[in-house]
Amino acid sequence: MAYMIERIERLRAFAQHISFVILMYGGRFGINLGPAVPCFACPFVTGCGGYCYLMGLQGFIGFGMSAAAAGSLWLFTALGWMVVFIVLVALLGKIWCGWLCPFGLVQDWLSALRRKLGVRERKISLQTAQYLGYVKYFFLGYLIIIPPLVTAEILPPDFYLPFCSICPGKSLLPLFVGETRYLALDYTNNITFALSLTLLIFTGITLVGMFFKERFFCIFCPLLALIHLLKPLSGLRLVKNISACTGCGNCRRICPMDIEAVYLEQKKADVQTAECLNCFQCAETCPSDAALGIDFYRFRLFSSSRSHTINTIAWLGKQK
Amino acid sequence: MSDQKQMSRQIRLVEKTAGKMAQESAETLAWLRARDDYLQGFDYFLDLAEKGFDPQSSDSVREKAGRPLIYLLCIQAPLELIHAAGFHPFKIFSGSFAAGNLSAHGLPTLICPLMRSILGAMQMTGNKEEQPWILPTTCDWVVKFPEMMKLFGAAEQRLHWLELPHIKEARESQGLWLDEMVKLKGFLEQLSGRKISRNALLDSIAVYHRAWQALSRLVSLRRQGLLSSAWFLLITNTFFLGKAENWTAALEKLLPTLPCSVNSAKRRIFLAGSPIFFPNFKLPRLLEEAGLCVTGDDICSGERLFPGGVSFKDSSVFGLIEALAQRYHQGCLCPTFADNQRRIRNIEAQAEHFDGVVFHVLKGCHPYDLESYTIESGLKKQGIKFIRLETDHASEDSQNLLTRLEAYSHTLPSSGLRPPSPRERGEGNNSPHPLAEEGRGEGIRCT
Amino acid sequence: MKVGKVGIGLDLGSTAIKMVITDGEKILCGLSTATAPGQEEIGRQLIARGLESLDLKPEQVGSITTTGYGKKLYSAADLNMDEISANAAGIFRLSRGQARTIINIGGQDLKVITLDNDGKVLDFRMNDKCAAGTGRFFELVSRLLDTPLSEFGDLAGNSGHEVQLSSTCVVFAESEIISLLARGVAREDIIHALHASVARKVAAMMGRTPHDDAIYLDGGPARNRGLVEAIEDELLCDIMVLDDPQFTVAFGAAIARQLSAPTDKP
């Protein structure tokens, strides 16, 4: 592996791979974590070990709004799974994104490949990134507004699961179990054709983007937006001690999401932004003692330190 | 006066100065060698200082480094990049008073003593060869340095300027600096006649990372008061005088042999401000005489020698250059940058390791001089003890400085080097005057 | 004389050597002489003279503490301490714990020392290598005007005309004073201007140091009433001067042994 960080980063890679195996193949050996997994455990992967909650949410909003659902056992189950989702987010926050998401790992693999080839990462300019940041909220709004319209029969049933039908996770993740069928155009009718064409275009953009820019898809991920909206419930925080920061810029450079706020923040301690994936690479490469820390409620899980950075910092000389 | 007379006079002057410089260097080295805490492991660095400080130093450095030299001022040009291009980065310095006197005529009275000393020392070699230089636009003295150099008859030099943006946080500045780094790469490639490869860059980063690791270990020993500032400064001062790998190896060999006993009577101080250069170890000497022990510094010939800790993820050539650019620019605490809040914070953040701050101002070093006031008010608000000492390479004010340092050491709250005894924590301390406390006898010394 | 052990403080300054014998509370005897080569011998003579005048035997000397630039030159000292700490200790004791700010004008130094409620030095400022506003400056002017320093205070009081000395620099003030004399400006006015200029220097050094509390002026020039008034004018507050202000530092040194833990003479 070209890029090597001791401890946290190794632990993260380990967790990502374990999670990948469980969430992608768990069903094949009898593990299923249910329909409320707060990451891209894609239900379109045959034999997966859990389902992405975005699907559950779309279904819940769509069918849950109909008269047939009122007072039914289905509604109670759906509500129960929503509670499970909220509890899972409250417990682990964006650990789901940085540490457990299978689609995140696929993106990291592509980035590793890029590094191996010595191709430079393309950064998105600050202003563009700011606008692109709103796209995930657009998607979130899209997947919440469309299903009730389908239920109310304003839109045709082909719009059922509106986000899944354009999600690159749906087209790419099933490839890992040998399923290529979601990479095809659906000629059933004009709407399915349009949606499948959109999916193919998104997939193409995402593939290219993921290679040249780390965690490209995460910029647009509506699940990240949803988890961020639940931030007040979660106890996991990236915390900055402004007085200890020398402003060296390591955190910004290392950040897969190119977050500026951790580097620039001069006032408040909470530097966990909407884009943050809680991968904690910033805390690990911060060379100032106790400048960045990871807090879980009141417990300090990790503090940055020069001595930690010395031993963990990325340097390729040996790995060549 | 005829030209010939003028020439012979100049030659005699240079010879005389060379003798004085050698004497200064020999005195400092003898003082270091005669110290109680001398260890054999220091020999490598003493030897570097002895040879490297010779007026013909560039030859010695070239020989030791085994590569052609690139002269540097300041610490903003990435050493890794220069090293990867096959050169040895040689940061020019001199703390010699005699050399400063040689160039005193024809220069403003209130000039940075370091510049004066460098200009003097450079006259010793005649400086007739064309040399590649990398100069970042830090302070006014550095910006005007090449012109002054010419004034003293130096040959046309191959200058490469780095336009240093002074507002570090601004995105435009960072973009500009990245461009400067790409241009620097071009300059180095043109000099060497070959491309800087990704592997060479990674190797160089590894070389300096290893040096930084060793330096960091030394720094952590120093935090505990285990190392005299004289030795620390000797080690950091000699970094550019030989191969970085050898320096690292010598330091790694020295580290396990350093003693682990603490002189508990000493107060710990943080040394901030202008750099201190060999052979002018007046300040470390006086600090020790006053019973003060330096446990940290933010001077660019000490702990800020080079930024180190270059972390990167994008290992393409561009990614590495970007990482170096950011590390050398944004991590730098040089007072020539606008807004010194981070300097103050850097001191505050380390407050547990020291009892007070000594701020060294080289007379004529305006950026540090100005900052001494803002830092003083910033630190005093936090209740941190502060003293500002303005001095130069001359030794006539030693007594004045010592008096102040001795008195200052009495004003320091208590020595953190000493494990607090139960008696100290409360009762039983009925002495009427702070000087009456036991173990504080550094100022009132039995003779 | 009926005292037990006495403490001796020897202040080997840049222009004068001061010697104080104390019982720990007050100055029993203070002697001074100009600094000259052979400080050790001068010090020894001063001590001998002092002991003689008080009718004390050498065995009654508890300790000898030296301070000042030459503190290491007197080999028979039991202790030596820096003059800032000695000054603080001396004034604090003599003012019975009243002093919070000390302005010391020495032969070559100008110091401002702030104390906390226990007499501990909180902060201090001291001139760099520059004799502006120090005793040296007064000596120079005294020589130029051919007037003994002891008359300065009275003469300044008679000044009628306002003239300004723009410089406290010893070198530049000399030429300035000569030109003033050439213009026929009266001695009194020049002295007055001199005091004002030193007062400005002191005020500059005080800087933003809060000085609401009792300010004590000491050092040789503190005996000059005109200077004290000029400083009061400049700082807009009262200045206290103790008797024998030139001996306060030596007194501080003399009581050092009392303050420090008893140690045996090495």
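All values derive from a computational prediction rather than experimental measurement.

Is there a simple way to explain the overall build of chain C in this structure?
Tallying secondary structure elements over chain C gives 9 helices and 10 strands in all. Computed over the C-alpha atoms, the radius of gyration of chain C is 19 Å, within 12% of the 18 Å expected from 2.2 N^0.38 for a compact globule of 266 residues. Projected onto the principal axes, the alpha-carbon positions of chain C cover approximately 60 × 40 × 30 Å. Here chain C, with 266 residues, has 50% of them falling under the buried criterion. Taking the contacts inside chain C whose residues are at least 6 apart along the sequence as the reference set, 69% of them involve residues at least 24 apart.

In this structure, what is going on with the arrangement of the chains? I would like to understand it.
There are 2 pairs of chains in contact here, and the one with the most contacts is chains A and B. Contact between chain A and chain C is absent, and the minimum C-alpha spacing across the pair is 25 Å.

What exactly am I supposed to notice about the pairing of strand S4 (residues 61-67) of chain C here?
Side-chain positions along a regular strand alternate between the two faces of the sheet. Residue and element names in this part refer to chain C. Counting buried residues in S4 gives 5 out of 7 residues, a clear majority hidden from the surface. Relative to S4, strand S1 (residues 6-12) runs parallel, the two sharing 6 bridges. Bridging from a neighbouring strand, Ile 8 pairs with Ile 64 of S4.

Can you walk me through the domain arrangement of chain A in this structure?
How big an interface is tends to be stated in terms of accessible area lost as the parts join. All names here are of chain A. Taken domain by domain, chain A holds domain 1 (8-227) and domain 2 (235-312). Between the C-alpha centres of domain 1 and domain 2 there is a distance of 27 Å. Facing the 17 residues of domain 1 at the interface are 15 residues of domain 2. Counting residues per element, the ones that place at least two in the side of domain 1 that touches domain 2 are helix H1 (8-25), helix H4 (95-100) and helix H6 (126-151). Residue composition of the side of domain 1 that touches domain 2, grouped by class: 8 nonpolar, 3 polar and 6 charged.

So what exactly am I meant to see when it comes to the sheet that holds strand S5 (residues 267-273) of chain B here?
The pairing of strands in a sheet happens through backbone hydrogen bonds and is either parallel or antiparallel. All names here are of chain B. If you walk across this open sheet you meet the 4 strands as S6-S5-S7-S8, and the pairing is parallel. If you trace the sheet from one side to the other, it starts and ends with strand S6 (292-297) and strand S8 (385-391), each paired once. Across the sheet, the mean angle separating the axes of adjacent strands is 35° when strand polarity is ignored. Taken together, the 5 bridges between S5 and S6 define a ladder with parallel strand orientation. Within S6, the position partnered with Phe 270 by the bridge is Gly 296. Where helix H15 (residues 366-381) meets the sheet, its contacts fall on S5, strand S7 (356-362) and S8, and the angle it forms with S7 comes to roughly 165°.

Before we go on, may I ask you to explain the domain arrangement of chain C in this structure?
All names here are of chain C. Segmenting chain C into domains produces domain 1 (1-95 + 247-266) and domain 2 (96-241). The interface is formed by 13 residues belonging to domain 1 together with 19 residues belonging to domain 2. Sorting elements by how many residues they give to the side of domain 1 that touches domain 2 places helix H2 (residues 83-94) first, with 7 residues.

Could you clarify how one ought to interpret the pairing of strand S1 (residues 69-72) of chain B in this entry?
All names here are of chain B. Burial along S1 is one-sided: Ile 70 and Leu 72 are buried, and none of Leu 69 and Tyr 71, which face the opposite way, are. The sheet contact formed by S1 and strand S2 (residues 88-91) spans 4 bridges and is parallel. Among the inter-strand pairings, Ile 70 is bridged to a residue of S2, identified as Pro 89. Remark: the S1/helix H4 (residues 79-84)/S2 crossover connection has right-handed handedness.

Looking at this model, I keep getting lost on the packing of helix H6 (residues 187-206) of chain C against helix H7 (residues 225-235) of chain C. Mind explaining?
When two helices pack together, their arrangement is captured by the angle between the axes and the distance separating the axes. All names here are of chain C. With their axes 8 Å apart at the nearest point, H6 and H7 run at an angle of 50° to one another. One finds that H6 runs oblique with respect to H7. Like other packed secondary-structure pairs, H6 and H7 cross with a definite hand, here right-handed. On the side of H6, the interface is formed by Ile 191, His 195, Ala 196, Val 198, Ala 199, Arg 200, Val 202, Ala 203 and Met 206, while H7 contributes Gly 226, Leu 227, Ala 230, Ile 231, Asp 233, Glu 234 and Leu 235. Here the contact of H6 with H7 is composed, by residue class, of 11 nonpolar, 2 polar and 3 charged.

Please clarify how the nonpolar core should be interpreted in this entry.
The nonpolar side chains of a soluble globular protein tend to be buried, and buried together. B:Leu234, B:Leu324, B:Val357, B:Phe359, C:Ala88 and C:Ala250 are the most contacted members of the largest nonpolar core, which totals 203 residues. If one sorts the elements of this core by residue count, helix H9 (residues 198-223) of chain B sits on top with 9 residues. When residues are assigned to domains, this core turns out to be shared by domain 1 (1-95 + 247-266) and domain 2 (96-241) of chain C, each giving three or more. If we skip the residues at most four places from it in the chain, B:Val357 touches B:Ile269, B:Phe270, B:Ala272, B:Ile347, B:Leu379, B:Ile384, B:Lys385 and B:Phe386.

Would you take a moment to explain the interface of chain A and chain B for this structure?
Counting from both sides, the interface comprises 34 residues of chain A and, opposite them, 33 residues of chain B. Residue assignment for the side of chain A that touches chain B shows that the elements contributing at least two residues are helix H10 (250-254) and helix H13 (306-312) of chain A. Take the side of chain A that touches chain B: its biggest share by element is 4 residues, from H13(A). Residues belonging to the side of chain A that touches chain B are distributed by class as follows: 15 nonpolar, 11 polar and 8 charged.

What exactly am I supposed to notice about helix H11 (residues 244-254) of chain B here?
Every α-helix carries 3.6 residues per turn, so stepping three or four residues along brings you back to the same face. Here H11(B) has its buried residues at B:Ala244, B:Trp247, B:Thr248, B:Ala250, B:Leu251 and B:Leu254. Seen along its axis, H11(B) keeps its buried residues to an arc of 165°; they face one direction.

Would you mind going over unusual backbone geometry with me for this structure?
Trans is the prevailing form of peptide bonds, just as negative phi is the prevailing case for residues other than glycine. With an omega of 0°, the peptide bond between B:Phe278 and B:Pro279 qualifies as cis. Relative to the helices and strands, B:Pro279 resides in the loop between S5 and helix H12 (282-289). In this structure, A:Ala290 takes a positive phi of about 60° despite not being glycine. You can see A:Ala290 is positioned in the loop between helix H12 (281-285) and strand S2 (292-296).

Could you clarify how one ought to interpret the packing of helix H10 (residues 229-237) of chain B against H12(B) in this entry?
Residue and element names in this part refer to chain B. Viewed as axis vectors pointing N to C, H10 and H12 meet at an angle of 160°, and their least axial separation amounts to 9 Å. The angle between H10 and H12 falls in the class roughly antiparallel. Crossing of H10 over H12 shows right-handed handedness. Contact residues: Ser 229, Ala 230 and Leu 233 in H10; Pro 284, Arg 285 and Leu 287 in H12.

Quick question: what am I supposed to make of the environment of B:Glu130 here?
Residues and elements named next belong to chain B. Summarising the element assignment, Glu 130 is placed in the loop between helix H6 (113-124) and strand S3 (132-136). The exposure class assigned to Glu 130 is exposed, which follows from the 11 C-beta atoms found within 10 Å. Along the primary structure Glu 130 and Ala 155 are separated by 25 residues, whereas in three dimensions their C-alpha atoms are 6.3 Å apart. With near-sequence residues (within four places) excluded, Glu 130 lies in contact with Ala 155, Glu 156, Gln 157 and Arg 158.

What counts, and where the lines are drawn
- Residues numbered from 1 in each chain as written.
- Chains lettered and ligands numbered in written order.
- Predicted model: local features only at pLDDT ≥ 70, side-chain atom pairs only at ≥ 80, totals over all residues.
- Helix = DSSP H or I, 4+ residues; strand = E, 2+ residues; numbered from the N terminus.
- Rg over C-alpha atoms; globule rule 2.2 N^0.38 Å.
- Buried ≥ 20, exposed ≤ 12 C-beta atoms within 10 Å, placed from the backbone.
- Contact = placed C-beta atoms within 7 Å.
- Pairing = 2+ DSSP bridges.
- Domains from an automatic or database assignment.
- Nonpolar A, V, L, I, M, F, W, Y, C, P; charged D, E, K, R; others polar.
- Axes fitted to C-alpha atoms, helices over the stretch in contact; angles between N-to-C directions.
- Right-handed = clockwise from strand over helix to strand, strands pointing away.
- Parallel < 35°, antiparallel > 145°, perpendicular 65-115°, else oblique.
- Left-handed = near helix turned anticlockwise from the far one by under 90°.
- Core = buried A, V, L, I, M, F, W, Y, C linked by C-beta atoms within 7 Å.
- Arc of directions from axis to C-beta.

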